[in-house]
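If you want the building blocks of each chain, they are given just below.
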Amino acid sequence: MSARLVLLGPPGAGKGTQAARISERLGVPAISTGDIFRANVAEQTELGRRAQRYMDAGEYVPDEVTNAMVRDRLAQRDAADGFLLDGYPRTADQVAELDGMLADAGTELTAVVELTADTDEVVARMLRRAAEQGRPDDTEVVIRRRLEVYAEQTAPLADRYAGRGLLLRVDGLGGIDEVTERIMGALASRLG
Ligand code: ADP
């Protein structure tokens, strides 16, 4: 069965790590808007130039830019039979856009997985990652801003998906394998 999934969760909850694993298990592409933006910034494309200042400040890239990018990506052939979206949708407008894209394609979401993690833990994880790898938006001030924006704009989306019966909440604290198994276990009921 094809899986059309959304992975929600605060910055630092481990979405990227889990998205790669789940996509491999299910045989669907993991589509990370953050990764696509970072690649475009690195290559200095027009899209990268439009996104960079927002990313550096921990703010969301404007919806029209993000929505157009995701529409293009989902139209690619590898996403026709399923996908795992990591980092999209993040705003109410993006939820509506995604609904429209799926309706146009005559499909719908299979499930939305929310990876939960408490704020102190995610800040600690991101500061550790900053010390090891250093992403431009991994300074403490920007990390705090990213968490604030998440709480204001993205966390409420979980309730909307819950209202539609699509939400699966998974505890993101614990070992990487443990969390993967929790997600697969939660998804099992939806994947038939
Ligand atoms: P994290 O989950 O660690 O905050 P991501 O790698 O998912 O980071 O995204 C990095 C940045 O890319 C975000 O802070 C934001 O500026 C931008 N971005 C990614 N996805 C979206 C989106 N759906 N809408 C708007 N901006 C986005």
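Residues numbered from 1 in each chain as written. Predicted model: local features only at pLDDT ≥ 70, side-chain atom pairs only at ≥ 80, totals over all residues. Heavy atoms only, no water.

Student: I'd like a description of the pattern of salt bridges, backed by residues and values.
Tutor: Evaluation of the coordinates by the stated rule reveals 18 salt bridges. For Glu140, the salt bridge identified is with Arg144, shortest N-O distance 3.2 Å. Residue Glu140 and its partner Arg144 are located together in helix α7 (residues 140-163), separated by 4 residues, close to a single helical turn. Each of Arg129, Asp137, Asp138 and Arg146 takes part in salt bridges that share partners, so that together they form one network. (Salt bridge = Lys/Arg side-chain N within 4 Å of Asp/Glu carboxyl O. Helix = DSSP H or I, 4+ residues; strand = E, 2+ residues; numbered from the N terminus.)

Student: Give a detailed account of the site of the ligand, specifying residues and quantitative values.
Tutor: By nearness alone, 18 residues border the ligand, and Thr33, Glu59, Gly87, Arg90 and Arg146 come closest of all. Between Arg38 and the ligand, the recorded distance is 2.8 Å, taken from a side-chain N or O atom to an oxygen atom. With respect to the ligand, the backbone of Gly87 contributes an N or O atom lying 2.8 Å from a nitrogen atom. Contact with the protein chains hides 96% of the accessible area of the ligand, taken as 550 Å² for the molecule alone. The greatest single-element share of the shell around the ligand, amounting to 4 residues, is contributed by helix α2 (residues 33-42). Residue composition of the shell around the ligand, grouped by class: 6 nonpolar, 5 polar and 7 charged. (Near = heavy atom within 4 Å. Polar contact = N/O pair within 3.5 Å; in protein donor to acceptor, adjacent residues only side chain to side chain. Areas by Shrake-Rupley, 256 points an atom, 1.4 Å probe, with all protein chains shown as cover. Nonpolar A, V, L, I, M, F, W, Y, C, P; charged D, E, K, R; others polar.)

Student: Tell me about the nonpolar core, residues and numbers included.
Tutor: Counting residues in hydrophobic clusters, the biggest one holds 23 residues, and the most contacted among them are Leu74, Phe83, Leu85, Leu98, Leu109, Val112 and Tyr161. The set of elements that each furnish at least two residues to this core consists of β1 (4-8), α4 (63-74), β3 (83-86), α5 (92-104) and α7. Ranked by residues supplied to this core, first place goes to α7 with 5 residues. Once residues lying within four places of it in the same chain are set aside, the contact partners of Leu98 are Val6, Leu74, Leu85, Tyr88, Pro89, Leu109 and Tyr161. Core analysis: the next-biggest nonpolar cluster, separate from the first, contains 19 residues, Ala3, Ile22, Leu168 and Ala186 among them. (Core = buried A, V, L, I, M, F, W, Y, C linked by side-chain atoms within 4.5 Å. Buried < 20%, exposed > 50% of the residue type's maximum accessible area, 1.4 Å probe, protein only. Contact = heavy atoms within 4.5 Å.)

Student: With reference to specific residues and values, describe the side chain of Arg73.
Tutor: If you trace the backbone, Arg73 turns up in helix α4. Owing to a relative accessible area of 16%, Arg73 belongs among the buried residues under this scheme. Not counting chain neighbours up to four residues away, the residues in contact with Arg73 comprise Pro29, Ile31, Ile36, Asp78 and Ala79.

Student: Give me helix α6 (residues 119-132): which residues, what numbers.
Tutor: An α-helical segment advances 3.6 residues per turn. Residues three or four places apart therefore align on the same side. Helix length check: α6 (14 residues) gives 20 Å between terminal C-alpha atoms against 20 Å at 1.5 Å per residue, within 8%. Val122, Val123 and Met126 are the residues of α6 that are buried. All buried residues of α6 project into a common sector of 100° when viewed along the axis, lining one side. Facing away from the buried side of α6 by more than 90 degrees, the exposed set consists of Asp120, Ala131 and Glu132. Elements in contact with the buried residues of α6: α7. (Expected span 1.5 Å × (residues − 1). Arc of directions from axis to C-beta.)

Student: Describe unusual backbone geometry, listing the residues and the values that go with them.
Tutor: In this structure, Pro89 follows Tyr88 across a cis peptide bond, with omega equal to -5°. With respect to the helices and strands, Pro89 occurs in the loop between β3 and α5. Of note in this structure, Gln44 is not a glycine but carries a positive phi near 55°. Position of Gln44 relative to the elements: it lies in the loop between α2 and α3 (46-57).

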